[in-house]
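Coordinate inspection notes
Each chain, letter by letter, is given below.
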Amino acid sequence: EFIDSYVFNKVEDIRFNSTVGKFVGYTEHGVKNAETWNKGSVLAQELGELERVCKPNADLHYSAIL
């Protein structure tokens, strides 16, 4: 599971969760930005990072934890 959180003044505004597969806003400003990001290229970039970084390295990190 890949989670990318955006925090401002110690309050989480937006979070990308790979399980959900999109950005979710937690504040008024975050909801507005999440809607915009989910429609544009930002979502594609985040999904690209999931494929590029997370999935190839998941087994390495999991075996290190065990």
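Computed from a prediction, not measured in an experiment: that's the story for all the values here. (Residues numbered from 1 in each chain as written. Predicted model: local features only at pLDDT ≥ 70, side-chain atom pairs only at ≥ 80, totals over all residues. Heavy atoms only, no water.)

1. Digging into the UniProt feature "domain: MHC class II beta chain N-terminal" (unreviewed entry) in the protein chain
- Listed under "domain: MHC class II beta chain N-terminal" (unreviewed entry) in the UniProt record, and renumbered for this structure, are residues 1–62.
- Within the segment residues 1–62, helix and strand shares are 55% and 27% respectively, and the terminal C-alpha atoms sit 12 Å apart. (UniProt positions renumbered as here; feature names shortened; annotations may be inferred. Helix = DSSP H or I, 4+ residues; strand = E, 2+ residues; numbered from the N terminus.)

2. A few points about the pairing of strand S3 (residues 22–25)
- Of the pairings in the sheet, the one linking strand S2 (residues 11–17) to S3 comprises four bridges and is antiparallel in character. Note on S3: the bridge partner recorded for Phe-16 is Phe-23.
- Hairpin connection between S2 and S3: a loop of four residues separates the two successive antiparallel strands, and Gly-21 in this loop has a positive phi of roughly 85°. (Pairing = 2+ DSSP bridges.)

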